[in-house]
Structure formats: structure tokens, C-alpha cells
Amino acid sequence: EDQVTQSPEALRLQEGESSSLNCSYTVSGLRGLFWYRQDPGKGPEFLFTLYSAGEEKEKERLKATLTKKESFLHITAPKPEDSATYLCAAATSGTYKYIFGTGTRLKVLA
Amino acid sequence: EADIYQTPRYLVIGTGKKITLECSQTMGHDKMYWYQQDPGMELHLIHYSYGVNSTEKGDLSSESTVSRIRTEHFPLTLESARPSHTSQYLCASIPRGDSEQYFGPGTRLTVT
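Presented here is a report on the structure given in the accompanying data block. (Residues numbered from 1 in each chain as written. Chains lettered and ligands numbered in written order. Predicted model: local features only at pLDDT ≥ 70, side-chain atom pairs only at ≥ 80, totals over all residues. Heavy atoms only, no water.)

Some words on the overall build of chain B
- Along chain B, the regular secondary structure elements total 0 helices and 11 strands.
- Written out in order from the N terminus, the α and β elements of chain B read β-β-β-β-β-β-β-β-β-β-β.
- Relative to its length of 112 residues, chain B is compact, with a C-alpha radius of gyration of 13 Å against a globular reference of 13 Å.
- Taken along the three principal axes of its C-alpha coordinates, chain B extends 40 × 30 × 25 Å. (Helix = DSSP H or I, 4+ residues; strand = E, 2+ residues; numbered from the N terminus. Rg over C-alpha atoms; globule rule 2.2 N^0.38 Å.)

Quick look at the packing of aromatic side chains
- All told, the structure shown has 11 aromatic pairs over all chains when counted by the stated rule.
- Between Tyr36(A) and Phe103(B) the ring centres are 5.6 Å apart and the planes differ by 90 degrees, which places this aromatic pair in the edge-to-face class. On the criterion of chain membership, the pair formed by Tyr36(A) in strand β4 (residues 30–38) and Phe103(B) in strand β10 (residues 102–103) is interchain, its members lying in two chains.
- Summarising the aromatic geometry, the rings of Tyr33(B) and Tyr35(B) are spaced 6.1 Å apart at their centres and angled 10 degrees between planes, so their arrangement reads as stacked. The residues Tyr33(B) and Tyr35(B) share a single accessibility class, namely buried.
- Grouped by ring-pair contacts, the aromatic residues Phe34(A), Tyr36(A), Phe46(A), Tyr98(A), Phe100(A), Tyr33(B), Tyr35(B), Tyr48(B), Tyr50(B) and Phe103(B) constitute a single cluster.
- Over the ring of Phe74(B) we find Arg68(B); its NZ or CZ atom is 5.8 Å from the centre of that ring. (Phe/Tyr/Trp six-rings, centres within 6.5 Å; stacked < 30°, edge-to-face > 60°. Buried < 20%, exposed > 50% of the residue type's maximum accessible area, 1.4 Å probe, protein only. Lys NZ or Arg CZ within 6 Å of the ring centre and 35° of its normal.)

A few points about the sheet that holds strand β8 (residues 70–75) of chain A
Residues and elements named next belong to chain A.
- With antiparallel pairing, the 5 strands of this open sheet are ordered in space as β1-β3-β8-β7-β6. At either end of the open sheet lies a strand with only one pairing partner, and these are β1 (3–7) and β6 (56–59). Each neighbouring strand pair of the sheet contributes to a mean axis angle of 15 degrees, computed without reference to strand direction. (Pairing = 2+ DSSP bridges. Axes fitted to C-alpha atoms, helices over the stretch in contact; angles between N-to-C directions.)

Re the environment of Cys91(B)
Residues and elements named next belong to chain B.
- Within the secondary structure layout, Cys-91 lies in strand β9 (residues 87–94).
- Judged by its relative accessible area of 0%, Cys-91 is buried.
- Residues Cys-91 and Tyr-5, 86 residues apart in the sequence, show an inter-C-alpha distance of 8.3 Å.
- Excluding anything up to four places from it in sequence, Cys-91 contacts Ile-4, Gln-6, Cys-23, Met-32, Tyr-33, Trp-34, Tyr-102, Phe-103 and Gly-104. (Contact = heavy atoms within 4.5 Å.)

Things to note about the interface of chain B and chain A
- Of the residues lining the interface, 21 residues belong to chain B; the matching set on chain A comes to 18 residues.
- For the chain B and chain A pair, buried surface summed over both sides reaches about 1,700 Å², with 56% attributable to carbon and sulfur atoms.
- Put simply, chain B and chain A have 0 salt bridges between them.
- On the surface where chain B and chain A come into contact, there are 3 residue pairs in polar contact (both at pLDDT 80 or more).
- Residue assignment for the side of chain B that touches chain A shows that the elements contributing at least two residues are β4 (31–37), β5 (44–51) and β9 of chain B.
- Considering every element that reaches the side of chain B that touches chain A, the biggest residue donor is β4(B), with 4 residues. (Buried area = accessible area lost by both parts, 1.4 Å probe. Salt bridge = Lys/Arg side-chain N within 4 Å of Asp/Glu carboxyl O. Polar contact = N/O pair within 3.5 Å; in protein donor to acceptor, adjacent residues only side chain to side chain.)

Considering the sheet that holds strand β8 (residues 76–78) of chain B
Residues and elements named next belong to chain B.
- What the 4 strands build is an open sheet, ordered β1-β3-β8-β7; its pairing is antiparallel. The open sheet is flanked by β1 (4–7) and β7 (64–66), the only strands paired with a single partner. Each neighbouring strand pair of the sheet contributes to a mean axis angle of 15 degrees, computed without reference to strand direction.
- Pairing analysis gives 3 bridges linking strand β3 (residues 19–25) to β8, with the strands arranged antiparallel. Considered in β8, the bridge of Thr-20 is made with Thr-77.

As for the nonpolar core
- Formed by 23 residues in total, the largest nonpolar core has its most connected members in Leu33(A), Trp35(A), Leu73(A) and Tyr86(A).
- Only β2 (10–14), β3 (19–26), β4, β5 (45–50), β7 (62–66), β8, β9 (84–92) and β11 (104–109) of chain A provide two or more residues apiece to this core.
- The greatest single-element share of this core, amounting to 4 residues, is contributed by β9(A).
- Formed by 17 residues, the second largest nonpolar core is a distinct cluster that contains Val66(B), Leu76(B), Leu78(B) and Leu109(B). (Core = buried A, V, L, I, M, F, W, Y, C linked by side-chain atoms within 4.5 Å.)

Side note on the side chain of Asp82(A)
- Structurally, Asp82(A) can be placed in the loop between β8 and β9.
- Apart from residues lying up to four places away in sequence, Asp82(A) is in contact with Arg37(A), Arg61(A), Leu106(A) and Val108(A).

Purely spatial values, then, with no claim about function.
Below you can see the structure in the form of C-alpha cells.
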């Protein structure tokens, strides 16, 4: 069965304290791995798409990487405004469905 | 920037009522999705559409229906609301040829 698991469920960081969020996936034929940011009461906002193992994408303090079994979202020197829930999702070949993880709730303290 | 809209943003309604949640996008995207999301939980697919007059059921479709008469419009109807329907409902679309989803702001539904 296709599955996406995110860890940790919640993470508290001090401002400037770098860390990584994990997204493990088991899907039949990965078509793409997506990262989203979701603020309370809002819809998810697209961050990155990764298509193949070894691929990396960067945007400001965020960097996403992909292996054959998992993806990492690295946050370098985070700021309080980076506080949000970060979701990952996998798309499998042969379907337009997306499988979402439960997210990591990140809190960055000033 | 994605232009996808959902109305109403918040709705409180009594058990047994029929409700329609609206979703519209102005980007001309063919594929649209409805998800249900409870706090701290993953997004569950309710329905999706490949294009006009083409809809498919997701994992949580049994108590709702959708229609896709126009490309830009994808409404979700609950025939008889129940307290178990209390949740956040998210609409999304993807552009032809790309795969990332663009989400609307969501509708927070409370059934009393």
C-alpha cells in the first residue's frame, strides 16, 4: 500500500537553530515528491517538487533533497516566520492522486 | 500566483441540511481535487476531476457528490450534513503538464 510518513510530528527550534524534517515514502512508481507549507486556517502553499533521487531544490532558508526512500527539508537558521506545518506528498505513476503525510508542525522561537 | 477561490470560508449548519461548498479557479486548469483535512491529520481525497464532465471518487466520497460542468467550477455537495462532516475542506487544481497542486483557502465546516 502506498504510504507517506513524516517525522517528527512537532519540532521546536530556537531562532537560528538549523534542523531537518523527514518524509519517508513507499509508493509504486514515484512521479514526484512535493513539499508544502501550511499556515493555520489556510490552504497548503507549494514549496518544491523533486522528481528523481539526488535532486535538490533551494528557496531562501529551505532546501529539499530526495533519495529513493525519503526526502528531507533542511531549514537553515530559521526565523519565527518559518513557523508552520510542513507537508509532503507523493504522486504515483498511472494516477493523478496524491498521497499526503500528516505533516511536521514547526515552531521557531525568537 | 494561483487564483483559486472557495466559498464560504466558514459555515455552521444543523444536522440533516443539504450544503454545497463552492470552488472556482481562473487558471484554466483541467484537473481539480477536493480534500478533507482534520487537525493534525493528512489530507484525504474526496473527489477529483480530469476535466469537464469527468469526475472520480476518492477515499471519502460516499456521502458527497461533485459536478464539473465548467472548467473553472467544481462544487462539492453534502446531501445530508452530519456532525462527522465537521472538518476543513480544501479544493486544489493542477495545471496541464505540471504536477504541483494549487490550493484554495479552505472552508471550515461545523455541523451541529
